[in-house]
Amino acid sequence: MHMIGRAALAVRRLFPALVLVLALSGGFVFAQAQQEQFTPQTEDPETFPEGDGRDDTFYTCSACHAFKLVASQGFSRERWDETIDLMVDRHGMAKPEAKDREIILNYLAKAFPPKASPRGFQNPFLKQ
Ligand code: HEC
């Protein structure tokens, strides 16, 4: 038999083993990815924009959900004010004292303002 023919035969014989190795390593990578996915994410106030009241706001709001849920929003001061009411009225957040509410609201409004769009603020209710 020619050398090439022999090599081809060897590859053909090895093929199932190769598939098995690939499948196993694939499974290993998958298992690793799963493991990473289930590692609880720890949040730290340091990772969010600096500002007065950051820690108060972080610990108040992250008692129930990830602070990322808050930080991913961009609202006007009025919308943040309403959001605090919503958390109290609908989700059972402890009503903050006026002084604390002011601190939290100041931080939220300053750190997470409405997201800038290329043409400036767009009022979604105004059709242009
Ligand atoms: C007592 C529990 C609790 C506290 C404290 C709390 N929230 Fe929430 N919040 C919820 C629940 C429940 C939801 C809706 C379920 C979800 O998405 O996890 C939610 C959702 C949100 C959302 C998403 C709203 C939407 O429409 O998707 C925002 C923004 C938010 N909260 C902001 C805040 C801010 C800001 C604070 C701190 C001032 C805060 N939350 C504190 C319970 C709470």
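All values reported here derive from a predicted model rather than from experimental measurement.

Draft legend 1. Region of the structure containing the nonpolar core. Ranked by size, the top nonpolar core spans 14 residues in total, and within it Phe67, Val70, Trp80, Tyr107, Leu108 and Phe112 carry the most contacts. Residue assignment for this core shows that the elements contributing at least two residues are α2 (54–61), α3 (67–71), α4 (77–89) and α5 (98–111). Here this core gets 5 residues from one element, more than from any other, and that element is α5. Excluding its chain neighbours within four sequence positions, the residues that come into contact with Phe67 are Glu43, Phe48, Thr57, Phe58, Cys61, Ser62, Tyr107 and Phe112.

Draft legend 2. Local environment of the coordination of the iron atom of the ligand. Looking at the iron atom of the ligand, the protein donor atoms are His65 (NE2) and Met87 (SD), and they sit 2.0 to 2.2 Å from it. Each of the 6 donor atoms bound to the iron atom of the ligand contributes to angles spanning 87 to 180°, and the resulting shape is octahedral. You can see His65 sitting in the loop between α2 and α3 and its partner Met87 sitting in helix α4, a full 22 residues away along the chain.

Draft legend 3. Examining the packing of α4 against α5 more closely. As a packed pair, α4 and α5 sit with axes 9 Å apart at the nearest point and diverge in direction by 130°. Overall, the two elements α4 and α5 adopt an arrangement that is oblique. Of the two possible hands of crossing, α4 and α5 adopt the one that is right-handed. Counting all contacts with α4, which are made through Arg77, Trp80, Asp81, Ile84 and Asp85, the residues of α5 involved are Arg101, Glu102, Ile104, Leu105, Asn106, Leu108 and Ala109. For the contact of α4 with α5, a count of residues per class yields 6 nonpolar, 1 polar and 5 charged.

Draft legend 4. The site of the ligand, seen in detail. In the vicinity of the ligand, 14 residues are found, and the nearest of them are Cys61, Cys64, His65, Met87 and His91. One of the side-chain N or O atoms of His65 is found 2.8 Å from a nitrogen atom in the ligand. Sorting the residues of the shell around the ligand by element identifies α2, α3 and α4 as the ones contributing at least two each. Take the shell around the ligand: its biggest share by element is 3 residues, from α4. Grouping the constituent residues of the shell around the ligand by class yields 8 nonpolar, 6 polar and no charged.

Draft legend 5. Quick look at the pattern of salt bridges. With the rule as written, the count across this model stands at 6 salt bridges. Arg54 serves as the salt-bridge partner of Glu46, at 3.4 Å between the closest nitrogen and oxygen. The class for Glu46 is exposed, based on a relative accessible area of 58%. Note on Arg54: relative accessible area 10%, which makes it buried. A salt bridge links Arg101 to Asp81; its shortest N-O distance comes to 2.9 Å. Highlighted residues: Arg101 in helix α5 and Asp81 in helix α4, separated in sequence by 20 residues. Accessibility expressed as a relative area gives 16% for Arg101, which makes it buried. Residue classification places Asp81 among the partly exposed positions, given a relative accessible area of 28%. Each of Glu46, Arg54 and Asp55 takes part in salt bridges that share partners, so that together they form one network.

The rules we used
Residues numbered from 1 in each chain as written. Predicted model: local features only at pLDDT ≥ 70, side-chain atom pairs only at ≥ 80, totals over all residues. Heavy atoms only, no water. Core = buried A, V, L, I, M, F, W, Y, C linked by side-chain atoms within 4.5 Å. Buried < 20%, exposed > 50% of the residue type's maximum accessible area, 1.4 Å probe, protein only. Helix = DSSP H or I, 4+ residues; strand = E, 2+ residues; numbered from the N terminus. Contact = heavy atoms within 4.5 Å. Donors = N, O, S within 2.8 Å, 3.2 Å for Na, K, Ca; no water. Tetrahedral: all angles 85-135°; square planar, octahedral: opposite > 155°, others 65-115°. Axes fitted to C-alpha atoms, helices over the stretch in contact; angles between N-to-C directions. Parallel < 35°, antiparallel > 145°, perpendicular 65-115°, else oblique. Left-handed = near helix turned anticlockwise from the far one by under 90°. Nonpolar A, V, L, I, M, F, W, Y, C, P; charged D, E, K, R; others polar. Near = heavy atom within 4 Å. Polar contact = N/O pair within 3.5 Å; in protein donor to acceptor, adjacent residues only side chain to side chain. Salt bridge = Lys/Arg side-chain N within 4 Å of Asp/Glu carboxyl O.

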